[in-house]
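Structural features, examined
What follows is the residue order along each chain.
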Amino acid sequence: MKKDKRDADNEMNEKKNKTLTFHAPDLTTRQELPVAGSTVRAGFPSPADDFLDAPLDLNRELVHNPASTFFVRVAGDSMAGDGIGDGDLLIVDRAVDPYDGCIAVCYVDGEFTVKRVRLEKGCAWLMPSNPKYRPLRVDAGNEFLIWGVVRHVIKSFK
């Protein structure tokens, strides 16, 4: 079957996703940061509080299963519609059971990718959230593993 330009571009862009980088969290240190005592309004400003609540440790807040949690740096833009962009840091928990609709790091035919997982009888669909990319159907003919479920995204604003 002949591939059209969109298929070729999609395949080339998906190959970029195999450059995901994986990191284990360093839980040997505590990094407690002060937390403001109330929420921050996204509408009209509210008076500032004169106190701070108890410190917040990001490791305790974001890493619930230390032995099975990894940080993964994203390469590519196939999940831009879900707020996941190039360079973002994902917190992925391998202890969480995958479920229909979860966003997960998946291993497909020798490459890693991050996609929303749609489970069907006999197959799964890996759904990008950027319309430039096509869904990927995986079945028994593919080497496929849901490597871990994305629990959080950390973004940096440049």
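The following refers to the structure shown. (Residues numbered from 1 in each chain as written. Predicted model: local features only at pLDDT ≥ 70, side-chain atom pairs only at ≥ 80, totals over all residues. Heavy atoms only, no water.)

**Considering the overall build of the chain**
Applied cut-off: Here a helix means four or more residues in a row that DSSP labels H or I, a strand means two or more in a row labelled E, and each is numbered from the N terminus. Throughout this description, buried means an accessible area under 20% of the type-specific maximum (1.4 Å probe, protein chains only), exposed means over 50%, and partly exposed covers the range between. Only heavy atoms matter for contacts: two residues are in contact if any of them lie within 4.5 Å across the pair. Accessible surface area values rest on a Shrake-Rupley calculation with a 1.4 Å probe, where residue burial reflects the displayed protein chains alone.
In terms of regular secondary structure, the chain is built from 2 helices and 10 strands. Buried residues in the chain amount to 32% of all 158 residues. By sequence separation, contacts in the chain at least 24 residues apart represent 61% of the contacts at least 6 residues apart. Surface exposure of the chain reaches about 10,300 Å², of which carbon and sulfur atoms provide 56%.

**Notes on the packing of aromatic side chains**
To keep it simple, the criterion reads: Pairing of aromatic side chains requires ring centres within 6.5 Å, counting the rings of Phe and Tyr and the six-membered ring of Trp. Pairs whose planes differ by under 30 degrees are stacked, by over 60 edge-to-face, and all others tilted.
The full count for this structure, using the stated rule, is 3 aromatic pairs. Judged by centre distance (6.2 Å) and plane angle (85 degrees), the ring pair of Phe112 and Trp147 falls under edge-to-face. Taken together, the residues span a long stretch of sequence, with Phe112 in strand β7 (residues 111-120) and Trp147 in strand β10 (residues 144-154) at a distance of 35 residues. Judged by its relative accessible area of 22%, Phe112 falls in the partly exposed class. On the basis of relative accessibility, which here comes to 13%, the residue Trp147 falls in the buried class. One aromatic cluster is present, built from ring pairs that chain together Phe70, Tyr107, Phe112 and Trp147.

**Some remarks on the sheet that holds β10**
Definition in use: In this analysis, strands are considered paired if DSSP registers two or more bridges between them. Interaxial angles span 0 to 180 degrees and are taken between N-to-C directions of axes, which are lines fitted to C-alpha atoms, for helices over the stretch in contact.
Pairing is antiparallel across the open sheet formed by 8 strands, whose spatial order is β1-β4-β5-β10-β6-β7-β8-β9. The two strands at the open ends of the sheet, each matched to only one other strand, are β1 (21-23) and β9 (136-138). Averaged over all adjacent pairs, the angle separating strand axes in this sheet is 40 degrees, with direction ignored.

**Digging into the pattern of salt bridges**
Once their charged atoms are close, side chains differing in charge can pair, the charge on each being opposite to the other. Keep this limit in mind: Salt-bridge detection follows one rule: a side-chain nitrogen of Lys or Arg within 4 Å of a carboxyl oxygen of Asp or Glu.
Enumeration according to the criterion identifies 4 salt bridges in this entry. Here Arg116 makes a salt bridge to Asp82, at a shortest N to O gap of 2.9 Å. With Arg116 in strand β7 and Asp82 in the loop between β4 (69-73) and β5 (89-93), this residue pair connects regions lying 34 residues apart in the sequence. Arg116 gets classed as partly exposed once you look at its relative accessible area, which sits at 21%. When its relative accessible area of 32% is taken as the criterion, Asp82 is described as partly exposed. Across the pair Arg137 and Asp139 runs a salt bridge, and its minimum N-O distance is 2.6 Å.

**Describing the side chain of Lys115**
The cut-off we apply is this: Think of a polar contact as two N or O atoms within 3.5 Å of one another; within protein, one of them needs to be a possible hydrogen donor and the other a possible acceptor, and neighboring residues in sequence only count if both atoms come from side chains.
Along the polypeptide, Lys115 turns up in strand β7. A polar contact is formed between the side chain of Lys115 and the side chain of Thr113, at a distance of 2.8 Å.

**Quick notes on the nonpolar core**
Applied cut-off: We call a set of buried Ala, Val, Leu, Ile, Met, Phe, Trp, Tyr and Cys residues a nonpolar core when their side-chain atoms join them within 4.5 Å.
Formed by Leu20, Val72, Val74, Met79, Ile84, Leu90, Val92, Ile103, Val105, Val114, Trp147 and Val150, the largest nonpolar core amounts to 12 residues. Elements that contribute at least two residues to this core include exactly β5, β6 (103-108) and β10. Once residues lying within four places of it in the same chain are set aside, the contact partners of Val72 are Leu20, Thr21, Phe22, Asp88, Leu89, Leu90 and Val92. Membership of the second largest hydrophobic core comes to 10 residues, among which are Ala104, Leu126, Ile146 and Val149.

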